[in-house]
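Coordinates in review
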Amino acid sequence: MNAGQGGKIEGVELTRRRLLAVGGGLLAAACTTNGSEAETSADDTGLRAVVRGRVLLPGDAGFEQACTPWNLTVDQSVRAVVELADTDDAPALIRYAREAGRALTVQPNGHNPSYAADGTILVRTNRLNEVRIDPDTRTARVGAGVNWGRVQAAAGPHGLTGVAGSSPAVGVTGYTLGGGLSWFARRFGWASDSVTAFDVVDADGRARRVGPSSDPDLFWALRGGGGDYALVTALEFALHPVSALYGGKMLWPIDRAPRVMAAFREITATAPDELTLWFSLLRMDGAPPMVGIDTTYLGDATVGRGLLAALDGIDGRMVDSRRPMPPAELGTIVGEPTDPSPIRSHAELLNGLTDADVDALLTTSMDPLGAIQVRHLGGAIARSSDSPPGAVTAPYYMSFIGGQPTPEAAAANENRIQQYLGALDRSRGRRTPLTLLSPSQTAIDAFDPGTLHRLRDIKSSVDPKGVFRSNFPVLDPAAGP
């Protein structure tokens, strides 16, 4: 969900906070239990004797806030919330779950939740917050509760970057377990491709180090196959040298959209792997409709600006925040919200961007959606990857985002999204990267059948009793046979 915008126009702050930070009244309803669940949750009072971290049960002060995911539209009806005090809490919790017949859903903050958490014990890993940067080996070791902002801030002074997303608030572990589609994917591939080892606690409660030699199948599954296989307590990954980074955003009045799209298509047709562009249509309260380009270039600012010359010829630009920047400021480009928000989003790969597709995007009313985005892929992400996400041959992906504070808004968003999908039917890839799935989707929307079959075999082997349940379980019957 990266369609947010930053900058100011006549005092109006153009950030997704304006678009999405609505419907705060949903917070109290974001974690509910029905009567039977509330009664059975009393059986889990024994958790307090098992772990040293905080345990919250329905009815406890702070329970609703603790089990609320970042996307406030998802109601996580969980049995309990456990905040691990440290890695030693994990084996004890897992043994408890095995013996009691409970399932565990692990979320640092719930940026990509679904309803699969219902009936589980929700595990928060925020206190596993170790960050270690080794500039000599160009590697990082981070705990399961660390977000990308901390990694980039620690790695940047050494001229290094992780394969980070657009929001500094997103957790490294959940993002990477889902593959991790980065600003720098065109240069370095999936974030999961850079992982060298995982520290996990398995379904038997054993702490293990998982690498390509020690456990190749589990290592493969964890590198982008989701969180169904073990509780990850830390991961290690390669960092990449960055001699220079140039990036920012440009915004124009909406009537420049045809020219901006034409330049976007021209530039992306020949862009080097170091250059990434995102095209956005924007509609926000308090501001006129706009069209925008967000961009990064891993290299000299003069070269980067030259690659974007087709955009500089478009008059009427209202914002241009492009500049040389350290990797730690990557999140300032799109200015995504860090506070929980109720949203509806749908993302999908796009096999092309034909004239008919462009016409559908530019002439269909986007009301009530707040943002429509087309991101350029290709480069390293299109080449071979020995990980569950694999190579992505689609040159683009599109996303639709709308604030969703009421059922009426939800229906209106859904109708408009389906209208766009129908108009773009011939170019749709009908596959969504795992970390971008919406709550109504399943693992079959992220993986091809062969990959999903292999992931299911690994899941059945390493977790036969179903101790772990990810946001999008590979064994979900709704994901097909």
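Residues numbered from 1 in each chain as written. Predicted model: local features only at pLDDT ≥ 70, side-chain atom pairs only at ≥ 80, totals over all residues. Heavy atoms only, no water.

The helix and strand tally for the chain stands at 14 helices and 21 strands. Computed over its C-alpha atoms, the radius of gyration of the chain comes to 22 Å, within 12% of the 23 Å expected for a compact globule of 481 residues. By principal-axis analysis of the C-alpha atoms, the chain measures approximately 65 × 55 × 45 Å. Residue pairs at least 24 apart in sequence account for 74% of intrachain contacts in the chain once pairs closer than 6 positions are excluded. Of the roughly 17800 Å² of accessible surface on the chain, a fraction of 50% belongs to carbon and sulfur atoms. Across the chain, the mean location of the 45 positive side-chain charges is 2 Å away from that of the 53 negative side-chain charges. (Helix = DSSP H or I, 4+ residues; strand = E, 2+ residues; numbered from the N terminus. Rg over C-alpha atoms; globule rule 2.2 N^0.38 Å. Contact = heavy atoms within 4.5 Å. Areas by Shrake-Rupley, 256 points an atom, 1.4 Å probe, with all protein chains shown as cover. Lys, Arg positive; Asp, Glu negative; His and termini not counted. Charge placed at Lys NZ, Arg CZ, Asp CG, Glu CD.)

The antiparallel open sheet is built from five strands, whose spatial order is E7-E8-E12-E10-E11. The outermost strands of the open sheet, each flanked by one partner alone, are strand E7 (131–134) and strand E11 (207–210). Neighbouring strand axes in the sheet, compared pairwise and without regard to direction, differ in orientation by 10° on average. The pairing of strand E10 (residues 195–201) with E11 spans four bridges and is classified as antiparallel. From the neighbouring strand, Val 200 faces E11, where its bridge partner is Arg 208. Packing against the sheet, helix H5 (residues 148–155) makes contact with E7, strand E8 (139–143) and strand E12 (231–238), and its axis sits at approximately 30° to E7. (Pairing = 2+ DSSP bridges. Axes fitted to C-alpha atoms, helices over the stretch in contact; angles between N-to-C directions.)

Here we take up the pattern of salt bridges. When their charged atoms lie close together, side chains carrying opposite charge are able to pair. This structure, assessed with the given rule, holds 39 salt bridges. The partner of Asp 312 in a salt bridge is Arg 305, and the shortest N-O contact between them spans 3.7 Å. Under the relative-accessibility criterion, Asp 312 is labelled partly exposed at 27%. For Arg 322, the salt bridge is made with Asp 312, and the minimal N-O distance between the two is 2.7 Å. (Salt bridge = Lys/Arg side-chain N within 4 Å of Asp/Glu carboxyl O. Buried < 20%, exposed > 50% of the residue type's maximum accessible area, 1.4 Å probe, protein only.)

Time to look at the confidence of the model for the chain. Averaged over all residues, the pLDDT of the chain is 90; the fraction at 70 or higher stands at 91%. Counted against residues more than four places away or in other chains, residues 1–30, with its pLDDT under 50, gives 104 contacts. The model gives residues 34–41 a pLDDT under 50, and that stretch makes seven contacts with residues more than four places away or in other chains. (pLDDT = per-residue confidence, 0-100.)

Glancing now at the side chain of Ser 280. Within the fold, Ser 280 resides in strand E15 (residues 275–282). A polar side-chain atom of Ser 280 sits 3.1 Å from a polar atom in the side chain of Gln 373. (Polar contact = N/O pair within 3.5 Å; in protein donor to acceptor, adjacent residues only side chain to side chain.)

It is characteristic of soluble globular proteins that their nonpolar side chains tend to be buried jointly. Judged by nonpolar contacts, the single largest core of 50 residues is most densely connected at Phe 198, Leu 222, Tyr 229 and Phe 237. When contributions to this core are tallied by element, the ones reaching two or more residues are E8, H5, helix H6 (172–177), E10, helix H8 (216–222), E12 and helix H14 (449–462). Excluding anything up to four places from it in sequence, Phe 198 contacts Leu 177, Arg 208, Arg 209, Val 210, Phe 219, Leu 222, Arg 223, Val 232, Ala 234 and Leu 235. Within the second largest apolar cluster, 36 residues are counted, among which are Met 250, Trp 252, Ala 360 and Phe 400. (Core = buried A, V, L, I, M, F, W, Y, C linked by side-chain atoms within 4.5 Å.)

Moving on, we come to the pairing of strand E20 (residues 371–376). Most of E20 sits inside the fold, with six of its six residues counted as buried. Side chains of E20 alternate between two faces, with Ala 371, Gln 373 and Arg 375 and Ile 372, Val 374 and His 376 buried alike. Judged from the five bridges that link them, E15 and E20 form a sheet pairing that is antiparallel. Residue pairing across strands places Leu 282 opposite Ala 371, the latter belonging to E20. Relative to strand E21 (residues 396–403), E20 is paired through six bridges, and the arrangement is antiparallel. By the bridge assignment, Arg 375 is partnered in E21 with Tyr 397.

A separate point is the packing of aromatic side chains. Applying the stated criterion across every chain yields a total of seven aromatic pairs. Both rings, one in Phe 198 and one in Phe 219, keep their centres 5.9 Å apart while their planes meet at 65°; by these two values the pair is edge-to-face. On the criterion of sequence distance, the pair formed by Phe 198 in strand E10 and Phe 219 in helix H8 is long-range, its members being 21 residues apart. Each of the two residues, Phe 198 as well as Phe 219, counts as buried. Ring pairs connect the aromatic residues Trp 148, Tyr 175 and Phe 237, which therefore count as one cluster. The cationic tip of Arg 375 hangs over the ring face of Trp 278; the distance from NZ or CZ to the ring centre is 3.6 Å. The ring of Trp 220 carries the charged tip of Arg 454 above its face, separated from the ring centre by 3.8 Å. (Phe/Tyr/Trp six-rings, centres within 6.5 Å; stacked < 30°, edge-to-face > 60°. Lys NZ or Arg CZ within 6 Å of the ring centre and 35° of its normal.)

Let us now look at H14. The first and last C-alpha atoms of H14 sit 20 Å apart over 14 residues, in line with the 20 Å expected at 1.5 Å per residue. Among the residues of H14, those classed as buried are Thr 451, Leu 452, Leu 455, Arg 456, Ile 458 and Lys 459. The buried residues of H14 occupy an angular sector of 165° when projected down its axis, which confines them to one face. The outward face of H14, more than 90 degrees from its buried face, is lined by the exposed residues Pro 449, His 453 and Ser 461. Buried residues in H14 make contact with H8. For H14, the N-terminal capping position is held by Asp 448, with its side-chain oxygen 3.0 Å away from the main-chain nitrogen of Gly 450. (Expected span 1.5 Å × (residues − 1). Arc of directions from axis to C-beta.)

Our next topic: unusual backbone geometry. Of the consecutive residues Asp 367 and Pro 368, the connecting peptide bond is found in the cis state with omega at 10°. One can find Pro 368 in the loop between helix H12 (355–363) and E20. Even without being glycine, Arg 138 reaches a positive phi, approximately 55°. By the element assignment, Arg 138 lies in the loop between E7 and E8.

Attention now moves to the environment of Leu 251. By secondary structure assignment, the location of Leu 251 is in strand E14 (residues 246–253). With relative accessibility at 0%, the residue Leu 251 sits in the buried group. Separated by 41 residues in sequence, Leu 251 and Gly 292 place their C-alpha atoms 4.4 Å apart.

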